Every structure is written in C-alpha cells, then in structure tokens.
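Descriptive analysis of the structure
Take a look at the letters that make up each chain.
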Amino acid sequence: PYSILFIMSFTLYTDAGNFRAFKVLVAAEYNSVEIAIPEFAVGTDNVTPAFLKKSPLGRVPVLDTPQGSLFESNAIARYVARLRSDTELLGASFFESAQVDTWIDFCSHDIELPATLWYYPYLGVAPYNAQLTNKAKGDLAKSLAILEAHMATRTYVVGHKVTLADITLVSALVYPFKFVADASYRAAFPNVMRWFNTCVNQSQFEAVIGKVVLCETPLAVPAGGDKKEKKEKAPKAEKKAEKPKEEKKPKVVEEDFDEPAPAPKVEHPFKIMDKTNPTPFSMDAWKK
C-alpha cells in the first residue's frame, strides 16, 4: 500500500549539519521515504527570489513535495511522519498524537532555545557572552530535569516505540551533548542519557547523524573571550591655567556636525558556511 512513497519526489533544502533537518531525515528513515538533498549555501541560495517564494523569510529547511513547498522544520517533520501510518511516528492514538505534539512544542521552546544559545558561540555562529552562556546552560539543565523525571519509568517519550517526539528531542540534543555538555553536566540526567543512547544507536538515527561521540572536554571559549565591550571613560582634560581676563566678546556657538561613528558590522549568523572566510569549525564534525 505504500509503494507510492517510492515514486513520489521530495527535495530538502538545508545547510550542512543543520540539526533542524535531522528530525526530518530521521523520520524519513523510519518511514522509508527517499529525500534528495542538493548542495545548498545559506546566505546565497536562500535569498534568491525563487527560494523566497518557497520560504518567505529565507529560512531552512524547506521541503519540496509533489503538491508544493513546505517551510518550518516541525511542519516538515510532521508531514514526513504522516506519510505512513503503520510506523505510528505520531503516536498510536489521538491522545498519544497530542502527547507527541506536546513534547515537540516543549523541545522548540525549552530545549532548542537554551541549547543553541549555549553552543552556538563555540561553533563561531554567534558572539560569545559569558553571562548569556551560563544562563542558557542553567536553563537547559532545568528543561532536562523535566525530561529526566518523565523518563524515569519509560523507554521512549511517548508510548512503547520511537515517535516524532523522540526524534525531535534527540535531534536538538546531539550538538550540546557532543560539544559542550561534558560528563559532569550529563551525570545529573541518567534517565535522559539512557534514552538518548538508546535512540542514537538505532540504525535510522545513525544513517543521518552518524555515531555520536559524547563530549569529554567542552570546546574552548572562542578567541577574544567575552564580546561584551566595556567603554572606558576618557580622562578629563586638565584645567588650563587661567589667563588674565580679556574684554568679553560675543560668543559664537559652534555646533558639532560630525557624523557618529558607524556601528560595527554584524556578522551574518551563518558565517560558519562562508567559504571565503571560513570558520575553523569543520561542518563534517557533526557526523563524527
């Protein structure tokens, strides 16, 4: 009944190693859906008029389907998950389907956000700020504590098999667990780590993200350290010795028409893909 999947044409546009594309591709592996992934450069290919018709804000990933294009990664992942009902990636009942949606939403707000704020600076994608990084690290720990309690009596997040809830959460945790969350950080979440390792060692996950080697030593703080600049006050000019009073002349008020110094150029958040001035981070590292 699902032979139609093998003749349907799907193309996913995404930059290399985009964790938001992982959930789409892992779901495709479980559902035996083939998806073409052409080479795609964020900063160039995503701002063309043709691409902006697919994704108005130029965001990736975007999936081309026989019926048209889809943007927003969770919508795409749900679409791929729905292509087969027998795998039950969206749950085995209406209630389980709602539970899956609950955890997908939880992941977007409470896992992805603090996780990316923590590790993006270490990959050169965003400026490093110690205060923001420490807060993100703590916020992720709070969210993982919720997942830890939930997984205390469960093998999978919803029901008794892998669903899109597991796929979405694991996809968001791959990079923090590989690059910045060392063993001492992970030790507080044994149930999470048991579940995470169970998932990433399944063939459908390995086909997309490869073998996940957990972080032993967190990546070093980027060169330059904290980017928060502290402006030093210029020393006050010493008062000049008073001269003998001269005959008062009418004051001519001179206005300062100097233009303000131009604001520093903000680097594109996807500078990690800039081939003319590449980051030292290797995008192939996510597969190792």
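Residues numbered from 1 in each chain as written. Predicted model: local features only at pLDDT ≥ 70, side-chain atom pairs only at ≥ 80, totals over all residues. Heavy atoms only, no water.

Moving on to unusual backbone geometry. With an omega dihedral of 5°, the bond running from V60 to P61 counts as a cis peptide bond. If you trace the backbone, P61 turns up in the loop between α2 (49–54) and β2 (62–65). In this structure, E72 is a non-glycine residue whose phi angle is positive, near 80°. The residue E72 is located in the loop between β3 (68–71) and α3 (73–82) in this model. Here E88, not a glycine, exhibits a phi torsion of approximately 55°, which is positive. Take E88: it is sitting in the loop between α3 and α4 (94–119). (Helix = DSSP H or I, 4+ residues; strand = E, 2+ residues; numbered from the N terminus.)

A separate point is the packing of aromatic side chains. Across all of its chains, the model carries 14 aromatic pairs by this definition. Taking 5.9 Å as the distance between ring centres and 75° as the angle between the ring planes, the aromatic pair formed by Y122 and Y128 counts as edge-to-face. Y128 shares its class with Y122; the two are buried. (Phe/Tyr/Trp six-rings, centres within 6.5 Å; stacked < 30°, edge-to-face > 60°. Buried < 20%, exposed > 50% of the residue type's maximum accessible area, 1.4 Å probe, protein only.)

This brings us to the sheet that holds β2. The three strands are arranged β1-β2-β3 in an open sheet whose pairing can be described as antiparallel. Either end of the sheet is taken by a strand with one partner, and the two such strands are β1 (11–13) and β3. The sheet shows a mean angle of 20° between the axes of neighbouring strands, taken without regard to direction. (Pairing = 2+ DSSP bridges. Axes fitted to C-alpha atoms, helices over the stretch in contact; angles between N-to-C directions.)

What follows deals with the confidence of the model for the chain. Chain-level pLDDT for the chain is 84 on average; 75% of the residues reach the 70-or-more range. Predicted confidence is poor over residues 229–242, with pLDDT under 50, and the contacts of this stretch with residues over four places away or in other chains come to zero contacts. Segment residues 247–288 is flagged for pLDDT under 50; beyond a separation of four residues in sequence, or across chains, it makes 35 contacts in the model. (pLDDT = per-residue confidence, 0-100. Contact = heavy atoms within 4.5 Å.)

Attention now goes to the packing of helix α1 (residues 19–30) against α4. Interhelical geometry of α1 versus α4 gives an angle of 130° and a closest axis separation of 12 Å. Here α1 is positioned oblique relative to α4, judged by the angle of their axes. In this structure, α1 contributes F19, R20 and K23 to the contact, and α4 contributes E112, T116 and Y119. Across the contact of α1 with α4, the residue classes break down as two nonpolar, one polar and three charged. (Parallel < 35°, antiparallel > 145°, perpendicular 65-115°, else oblique. Nonpolar A, V, L, I, M, F, W, Y, C, P; charged D, E, K, R; others polar.)

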